[in-house]
Amino acid sequence: KGALRDYQRDALGWFDFLRRFGFGGCLADEMGLGKTVMVLALLDSRRLERQVAGQTRQASVIVVPRSLVFNWRQEAERFTPDLRVLDLTRSDRRRAMSQIGEHDVVLTTYGTLRRDVGDLKDVVFDYVILDEAQMIKNARTSTAKSARLLRGAHRLALSGTPVENRLSELWSLFEFL
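Because the structure is a prediction, the values reported are computed rather than measured. (Residues numbered from 1 in each chain as written. Predicted model: local features only at pLDDT ≥ 70, side-chain atom pairs only at ≥ 80, totals over all residues. Heavy atoms only, no water.)

**Brief notes about the overall build of the chain**
The helix and strand tally for the chain stands at 7 helices and 6 strands. Walking the chain from its N terminus toward its C terminus, one meets helices and strands in the order α-β-α-β-α-β-α-β-α-β-α-β-α. For the chain, whose C-alpha radius of gyration is 15 Å, the value lies close to the compact-globule estimate of 16 Å for 177 residues. Counting only C-alpha atoms and orienting by the principal axes, one finds that the chain spans roughly 45 × 40 × 30 Å. Sorting the 177 residues of the chain into buried and exposed places 47% on the buried side. In the chain, 28 side chains carry a positive charge and 23 a negative one; their mean positions are 4 Å apart. (Helix = DSSP H or I, 4+ residues; strand = E, 2+ residues; numbered from the N terminus. Rg over C-alpha atoms; globule rule 2.2 N^0.38 Å. Buried < 20%, exposed > 50% of the residue type's maximum accessible area, 1.4 Å probe, protein only. Lys, Arg positive; Asp, Glu negative; His and termini not counted. Charge placed at Lys NZ, Arg CZ, Asp CG, Glu CD.)

What follows is the structure, given as C-alpha cells:
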C-alpha cells in the first residue's frame, strides 16, 4: 500500500541487479530516505514471484537493533500487509522457530541472533538482511561472526553510517556480504 518514490523504484531495480548477478549489496544512505520501505517492497515482490511461479514460501531474515523491531513490524503492516512476518524476539521464539517456513519475513535482533545462531545457521533463507549493519563493524565480535554464519541466497546490509571510525569497519560489512 502506498507508492514508492522514483529513487526507491530505482533501488528495487538495483536490488534485482544484485540478485541476478549473485552480488551482496550495501545500501548506505541517510536516515529517513526509506530503506525499510524499499526492503519491504523487495521482499513483497519476491513473495509475489514465488507465488506466481507456484513455489513454496521461503523466508528472509532481517536482523535489527532491538529499538527498531516495532518500526519494522509497523511498516510491514502498513505497506506490505500480505507479507507474513514472524517476530523471533519474544520469549516463545524457540517454539516459533518451527514456523519459519510458513512466513515471508523473520525479524530478529542482534542480541537474539547471538543467542540463537545455533538454530538459525541451519535455516536457508532467501535474503539475509542486516539493518543498522554498522553493528558488525568489528569483524571479530560474536555479533559479526553470528551474522556471517547465517545462510541465504542473497545478502543486504543497510546502514546510514557504514564507516564510523576506521576503513576496516567497511571490510567487516563486505566480509558479511
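**Quick notes on the packing of aromatic side chains**
In this structure the tally under the stated criterion is 4 aromatic pairs. Ring geometry for Phe 17 versus Phe 21: centroids 5.0 Å apart, planes at 45 degrees, classification tilted. With Phe 17 and Phe 21 both in helix 1 (residues 6-21) and 4 residues apart, this pair spans about one turn of that helix. Aromatic pair Phe 21 and Phe 23: ring centres 6.2 Å apart, planes at 20 degrees, arrangement stacked. Ring pairs connect the aromatic residues Phe 17, Phe 21 and Phe 23, which therefore count as one cluster. (Phe/Tyr/Trp six-rings, centres within 6.5 Å; stacked < 30°, edge-to-face > 60°.)

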